[in-house]
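Spelled out from the first residue to the last, the chains are:
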Amino acid sequence: MPEITQPETFKLGTRIVNRVGYGAMQLAGPGVFGPPKDRDAALAVLREAVASGVNHIDTSDFYGPHITNQLIREALAPYPDDLVIVTKIGARRGQDGSWIPAFSREELTQAVHDNLRNLGVDVLDVVNLRFMFDVHGPAEGPIEAPLTVLADLQRRGLVRHIGLSNATAAQIAEARGICDIVCVQNHYNLAHRADDALIDDLAGRGIAYVPFFPLGGFKPLQSSTLEKVATRLSATPMQVALAWLLQRAPNILLIPGTSSALHLRENLAAAGLRLSPDVLAELDGIAAGA
Ligand SMILES: NC(=O)c1ccc[n+]([C@@H]2O[C@H](COP(=O)([O-])OP(=O)(O)OC[C@H]3O[C@@H](n4cnc5c(N)ncnc54)[C@H](OP(=O)(O)O)[C@@H]3O)[C@@H](O)[C@H]2O)c1
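Scoring rules and cut-offs
Residues numbered from 1 in each chain as written. Predicted model: local features only at pLDDT ≥ 70, side-chain atom pairs only at ≥ 80, totals over all residues. Axes fitted to C-alpha atoms, helices over the stretch in contact; angles between N-to-C directions. Helix = DSSP H or I, 4+ residues; strand = E, 2+ residues; numbered from the N terminus. Parallel < 35°, antiparallel > 145°, perpendicular 65-115°, else oblique. Left-handed = near helix turned anticlockwise from the far one by under 90°. Contact = placed C-beta atoms within 7 Å. Nonpolar A, V, L, I, M, F, W, Y, C, P; charged D, E, K, R; others polar. Core = buried A, V, L, I, M, F, W, Y, C linked by C-beta atoms within 7 Å. Buried ≥ 20, exposed ≤ 12 C-beta atoms within 10 Å, placed from the backbone. Near = placed C-beta within 6 Å. Pairing = 2+ DSSP bridges. Right-handed = clockwise from strand over helix to strand, strands pointing away.

Further remarks concern the packing of helix α8 (residues 237–248) against helix α9 (residues 261–269). Close contact between α8 and α9 brings their axes to 8 Å; oriented N to C, the two are set at 40°. Classed by the angle they form, the pair α8 and α9 counts as oblique. You can see that α8 and α9 cross each other, and the crossing is right-handed. Only Glu 266, Asn 267 and Ala 269 of α9 make contact with α8, whose side of the interface consists of Met 238, Gln 239 and Leu 242. Taken together, the residues of the contact of α8 with α9 sort by class into three nonpolar, two polar and one charged.

What follows deals with the nonpolar core. Considering soluble globular proteins, one finds that nonpolar side chains tend to be buried as a cluster. Counting residues in each nonpolar core, the largest one holds 82 residues, and the members touching the most others are Leu 12, Leu 150, Ala 208, Ala 241 and Leu 253. Of the residues forming this core, the biggest block, eight residues, is contributed by α8. Every residue in contact with Ala 241, bar those within four places of it in the chain, is listed here: Asn 189, Leu 190, Pro 214, Leu 215, Leu 221 and Leu 226.

A few words now on the site of the ligand. Taken together, 28 residues lie around the ligand, and Gly 23, Met 25, Leu 215, Gly 257 and Thr 258 are the ones closest in. Broken down by element, the shell around the ligand gets its largest block of residues, three residues, from α9. Broken down by class, the residue content of the shell around the ligand amounts to ten nonpolar, 14 polar and four charged.

Attention shifts here to the pairing of strand β8 (residues 124–130). Of all the seven residues making up β8, seven are buried; the element is thus mostly covered by neighbouring parts of the structure. Pairing between strand β5 (residues 84–89) and β8: four bridges, direction parallel. Among the inter-strand pairings, Ile 89 is bridged to a residue of β8, identified as Leu 129. When β8 meets strand β9 (residues 159–165), the two strands line up parallel, connected through six bridges. Among the inter-strand pairings, Leu 124 is bridged to a residue of β9, identified as Val 159. As for the winding sense of the linkage, the β-α-β connection from β8 through helix α4 (residues 144–155) to β9 is right-handed.

What follows is the structure, given as structure tokens:
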């Protein structure tokens, strides 16, 4: 089998972005709530990401809440022309840090305005509607009313492109009948592959698939196979996990989350790691055993 060579960029809405981006969720305090332990370090990570070629940042105003967007604005505004900031709406935070569904017209409109204000922009590049029928994974539920609200906000010029998060294949199909969908952001990684068929379907439609928890999220990926492969390739397990995603499908855009400059550098360097067909087959076995 020939080695798979995937492109380094992909179209997100109307913009071409590098396939390795950055997820900003880790910049808030513990539990994605409150300020970071080290504010200057958080600002430095954001600046280094963009200086190193990242032109796709994933965020939400419910990270902190507000704090992550405010950090992005402080670190990066005025924003480079090629930077695409993707945000998400559909939840708000309780006083205790809980994640509460927020899907009324008022809440969705408020969320768009919160993102505009805290990011300091007139229009949001991409807004993902994050479904909460089951907070932990895609689950069927009615999407027409909230998506229509977001499509109205797009018509008013506040939102350039719309995406979905934590969505089922049926919801994505229904959504595409309501408005153009440019990306889908679901839980996916080497060990969690429920969206395999969906990714291939979206690739055929030119829709970006942006896995969240690409490194396992709050429970980092742990696998002896991953460790063995990484040692053989003189890479870290996380770099191999990211390289596997890049080779999995051309429409996968990465947003690994980190608060560490060292990890950021490692994650960006994963773009240069090529996995042979034999190594890919070995890594494919991880999901089977998960
Ligand atoms: N749509 C949704 O529902 C949803 C849900 C969750 C996340 N997201 C988005 O997806 C992005 C990515 O997800 P995530 O940040 O939760 O999970 P992730 O990228 O899978 O993993 C982040 C964790 O891995 C660590 N890490 C990062 N790079 C590493 C490296 N090179 N070596 C070792 N450890 C490393 C981070 O710690 P350090 O800070 O110490 O590096 C952090 O604990 C988020 O930033 C957010 O923008 C979306």
